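# Architecture at a glance
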Amino acid sequence: EKKKVIFSGIQPSGDLTIGNYLGALKNWAALQDEYESYYCVVDLHALTVRQDSAELRARTLKNIAIYVASGLDPKKNTLFIQSHVPAHSEASWLLSCFCYMGELSRMTQFKDKSQKVGESVSSALFTYPVLMAADILLYNTDLVPVGSDQKQHIELARDLAIRFNNLYSPTFTIPEPYIGDTGARIMDLQEPDKKMSKSADNPNAYVLIMDPPDVIRRKISRAVTDDLGVVKYNESQPGISNLISILSTIAGKKPEDIEKEYDGIGYAKFKSDVAEALVEELQPLQNTVKQLLDDKPYMESIYKSGAEKASYVANKTLRKMQKKLGL
Ligand code: ADP
Ligand code: NA
């Protein structure tokens with residue numbers, strides 16, 4: 001039986017956080033034998049807001065290294081950089097000819113992001129979900145592992161695929177969101193009612209995958225908690241519950257077991273254990289990232305062969321689209 005296809009990507013718009021790691025990368029690695037997977041560093045998406053070009057280039061490469069160091073085997077997964085496969089840009093234009101202004105105007109992520117920027121918001125931020133639809137549809141993707149904030153974008157990709165298939169003939173597989181059961185949602189360390197994001201203004205709000213041990217310890221020790229003094233996973237203790245989630249995802253323990261383990265034990269000891277668990281989890285990964293980045297020829301072989309494999313599939317889909325459209 002043919003393996004199902006998975007596609008996902010992360011923007012190199014900031015350094016990756018433990019939210020990206022525990023909520024995405026770690027789960028992706030667990031799926032690599034069961035699925036045919038395409039994982040992309042979506043550098044074109046990152047350009048929707050102004051980037052320093054040298055930093056963007058370096059971060060894009062670093063993120064490929066982080067994908068590999070997180071356990072994604074470049075032989076089992078197609079790991080590539082979005083801009084290396086020009087079919088994404090062309091398919092995005094073609095799909096935009098079938099996407100309504102009204103559909104894009106309803107995207108809540110655009111509404112949120114554009115409110116912050118105001119008048120000078122780029123038109124690319126508005127059409128971003130069309131590029132995301134192209135990313136997904138080019139690979140005959142069955143499943144897209146994403147957070148709940150991306151569900152509306154997947155819905156649009158589905159609508160565009162169905163519209164095109166109906167207007168012409170079956171061209172695209174209709175993708176579905178993949179909500180894994182292990183997909184932890186990691187929250188902001190300072191405002192634990194928000195998800196942890198690499199685009200937060202306050203660096204104490206997140207732990208980066210590449211943060212050194214002393215920085216990890218400091219950020220976890222400063223994480224906002226409460227004055228109840230019990231390590232309990234519940235709605236009225238969002239800060240503590242988030243730290244329990246982090247520990248539970250790393251240690252593979254149930255939140256209930258962690259509650260029992262810390263019965264009668266104070267927050268200081270609990271936080272220091274969470275910090276040590278993170279340090280232990282991330283240190284080998286960080287060492288691997290550094291080794292990979294020192295090995296330029298190996299890194300190049302990964303993203304070049306990734307782009308080749310991705311282009312082969314993407315170009316086939318693009319040619320189908322072009323033919324049906326009279327190009
Ligand atoms: P960010 O908000 O940091 O910019 P992205 O939107 O680029 O993150 O998300 C990339 C991937 O990482 C997605 O699959 C998303 O669901 C996952 N992800 C990002 N932040 C978190 C988080 N705080 N908890 C769990 N998963 C997350
Ligand atoms: Na984002």
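Per an unreviewed UniProt entry, the recorded name for the chain is Tryptophan--tRNA ligase, and the organism is Lutispora saccharofermentans. Note on the chain: under the UniProt heading Subunit (unreviewed entry), the record states "Homodimer." Under the Sequence similarities (unreviewed entry) heading, UniProt states for the chain: "Belongs to the class-I aminoacyl-tRNA synthetase family."

A few words on the pairing of strand β2 (residues 36-41). In terms of residue burial, β2 counts as a mostly covered element, since 5 of its 6 residues are buried. Both strand β1 (residues 5-10) and β2 contribute to a ladder of 6 bridges, which runs parallel. Note on β2: the bridge partner recorded for Ile6 is Ser37. As for the winding sense of the linkage, the β-α-β connection from β1 through helix α1 (residues 18-31) to β2 is right-handed. Direction of pairing for β2 relative to strand β3 (residues 77-81): parallel, over a ladder of 5 bridges. Following the sheet pairing, Tyr38 is matched in β3 by Thr78.

This next bit is on the site of ligand 1. The environment of ligand 1 is formed by 17 residues, the closest being Gly19, Gly23, Ala24, Gly147 and Ser197. If you list the elements that add at least two residues to the shell around ligand 1, you get β1 and α1. Here the shell around ligand 1 takes 4 residues from α1, the largest share from any one element. By residue class, the composition of the shell around ligand 1 is 5 nonpolar, 9 polar and 3 charged.

Conventions and cut-offs
Residues numbered from 1 in each chain as written. Chains lettered and ligands numbered in written order. Predicted model: local features only at pLDDT ≥ 70, side-chain atom pairs only at ≥ 80, totals over all residues. UniProt positions renumbered as here; feature names shortened; annotations may be inferred. Buried ≥ 20, exposed ≤ 12 C-beta atoms within 10 Å, placed from the backbone. Helix = DSSP H or I, 4+ residues; strand = E, 2+ residues; numbered from the N terminus. Pairing = 2+ DSSP bridges. Right-handed = clockwise from strand over helix to strand, strands pointing away. Near = placed C-beta within 6 Å. Nonpolar A, V, L, I, M, F, W, Y, C, P; charged D, E, K, R; others polar.

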